[in-house]
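The primary structure of each chain is shown beneath.
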Amino acid sequence: NILTESDSSFIDNDAPGTHNASIKMAGTDRLFKIDDNNVEKASFSVSLSDLNLQGAGSKTSALDGGLIYNHEQLTIKNSRLLNGYATRGGAIYNAGNLSNTTRTAGTVTLTNNLIQNNKAGQGAVLYSEMPLYYITQSVLRDNEVTAPDNALLYVQTKFADESTGGYLTSRAIGLSNSTIFHNKGGFIANIRDGMFVNNITMIKNDKGLFLDAPQGNASVSNSILVGNTLNC
């Protein structure tokens with residue numbers, strides 16, 4: 001666990017995330033690589049809370065993950081992810097494919113975060129090798145995709161066909177209760193079978209959602225999709 005130490009002088013109802021410590025890249029790499037390089041051991045959990053994570057911007061040399069490369073079970077809350085830059089995964093690259101064990105794939109859960117000014121050819125906010133991410137109560141703004149027909153939240157490989165219905169039923173993979181606006185260059189997300197989008201406000205982005213669910217096992221509901229140059 002890495003988090004900003006609380007100060008008893010703050011009032012109890014102080015808004016989370018307003019007194020974050022900052023971790024800023026001074027060189028040209030990413031901030032964290034979260035990977036034990038062993039798929040035989042159980043994945044470990046990493047929690048980042050009440051932090052400002054700032055990348056090196058266009059100076060970075062990172063290929064995958066401008067702020068974070070993850071191959072474990074990552075949770076970030078009450079934080080700001082800013083100025084990440086990479087070829088894939090401007091803010092986060094989530095690695096690993098599911099095989100016979102969940103130890104082979106990383107997961108990302110983002111709760112109550114501001115994700116801003118990140119840039120990548122593919123996945124300006126998140127590039128995930130599998131659809132193993134959940135974003136809720138967050139704001140994604142002013143991020144940029146540079147590769148044609150790509151997305152801010154990009155998933156490389158779909159779930160196995162027989163497993164997609166189970167993921168959709170669990171409501172554990174996708175987007176909820178968030179605002180996504182003023183992002184450039186690509187779709188918001190490619191929504192694959194097994195994923196859901198619920199209660200999302202998507203306005204003034206260059207493009208909307210890319211539906212990539214041939215089984216019809218994806219869900220988009222209770223959401224606003226307006227003012228985008230290309231909605232779907």
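Conventions adopted
- Numbering of residues starts from 1 in each chain and follows the order in which that chain's sequence is written.
- Per-residue local features are limited, in this predicted model, to residues with pLDDT of at least 70; the limit for side-chain atom pairs, both in listing and counting, is 80 or more; totals at the level of whole chains, interfaces and linings are taken over all residues.
- The side-chain values count all of the structure's non-hydrogen atoms but skip hydrogen atoms and water molecules.
- Pairs of strands are assigned from DSSP output, requiring at least two bridges between the strands.
- Helix and strand labels come from DSSP, where a helix needs a run of H or I of at least four residues and a strand needs a run of E of at least two; each type is numbered from the N terminus.
- What counts as a salt bridge is simple: a side-chain nitrogen of Lys or Arg found within 4 Å of a carboxyl oxygen of Asp or Glu.
- Exposure classes here rest on a 1.4 Å probe applied to the protein chains alone. A residue is buried below 20% of its type maximum, exposed above 50%, and partly exposed in between.
- Contacts are residue-level and defined by heavy atoms, with any inter-residue pair within 4.5 Å sufficient.
- In these notes, a set of buried Ala, Val, Leu, Ile, Met, Phe, Trp, Tyr and Cys residues joined through side-chain atoms within 4.5 Å is what counts as a nonpolar core.
- Axis definition: a line fitted to C-alpha atoms, over the contacting stretch in the case of helices. Angles run 0 to 180 degrees between N-to-C directions.

1. Some details on the sheet that holds strand β13 (residues 119-122)
Next, step 1: Strand order across the open sheet formed by three strands is β9-β13-β17, with parallel pairing between neighbours. Of all the strands in the sheet, just β9 (85-88) and β17 (144-145) have a single pairing partner and so form its edges.
Next, step 2: With two bridges connecting them, β13 and β17 associate as parallel partners. For Ala120, the partnering residue across the bridge sits in β17 and is Val145.

2. Comments concerning the pattern of salt bridges
Next, step 1: Evaluation of the coordinates by the stated rule reveals six salt bridges.
Next, step 2: Among the ionic pairs, Arg88 bridges to Asp64, the shortest N-O distance being 2.9 Å. Remark: Asp64 occurs in the loop between β5 (51-54) and β6 (68-70) and Arg88 occurs in strand β9; sequence separation between them is 24 residues.
Next, step 3: Residue Arg88 is classed as partly exposed on the basis of its relative accessible area, which comes to 23%.
Next, step 4: Across the salt bridge formed by Asp142 and Arg141, the nearest N and O atoms sit 2.6 Å from each other.

3. Here's the deal with the side chain of Thr4
Next, step 1: Mapped onto the fold, Thr4 is located in the loop between β1 (2-3) and β2 (21-24).
Next, step 2: Look at Thr4 and you get buried, because its relative accessible area is 16%.
Next, step 3: In contact with Thr4, not counting residues within four places along its chain, are His19, Asn20, Ala21, Ser49, Asp50 and Leu51.

4. Structural notes on the nonpolar core
Next, step 1: Counting 44 residues, the largest nonpolar core has Leu48, Ile68, Ile92, Tyr133 and Leu153 as its most contacted members.
Next, step 2: Core analysis: the next-biggest nonpolar cluster, separate from the first, contains seven residues, Tyr93, Tyr127, Ala151 and Tyr154 among them.

5. Remarks on unusual backbone geometry
Glycine aside, a negative phi is what most residues show, and trans is what most peptide bonds show.
Next, step 1: The backbone phi angle of Asn78 is positive, close to 50°, even though this residue is not glycine.
Next, step 2: You can see Asn78 is positioned in the loop between β7 (73-77) and β8 (80-82).
Next, step 3: Positive phi is not limited to glycine here, since Asp142 has a value of about 60°.

6. Remarks on the pairing of strand β4 (residues 45-49)
Next, step 1: Most of β4 is tucked away: four of the five residues are buried.
Next, step 2: Both β1 and β4 contribute to a ladder of two bridges, which runs parallel. Counted as the bridge partner of Ile2 is Leu48 from β4.

7. Describing the environment of Val220
Next, step 1: Secondary-structure assignment places Val220 in strand β23 (residues 219-221).
Next, step 2: Classification of Val220 as partly exposed rests on a relative accessible area of 45%.
Next, step 3: Taking C-alpha positions, Val220 is 26 Å from Asn78, a pair spaced 142 residues apart along the chain.
Next, step 4: Leave out the neighbours within four places in its chain, and Val220 touches Val197, Leu209 and Leu211.

8. Let's talk about the sheet that holds β6
Next, step 1: Pairing in this open sheet of seven strands is parallel, and the strands run β3-β6-β10-β14-β18-β20-β22 from one edge to the other. Two strands in the sheet have a free side with no partner beyond their single neighbour: β3 (32-34) and β22 (210-212). Strand-to-strand, the axes of this sheet are offset by a mean angle of 10°, without reference to chain direction.
Next, step 2: Here strand β10 (residues 92-94) runs beside strand β14 (residues 126-128); their pairing, made up of three bridges, is parallel. Bridged to Asn94 within β14 is Ser128.

So yeah, pure geometry; function would need other evidence.
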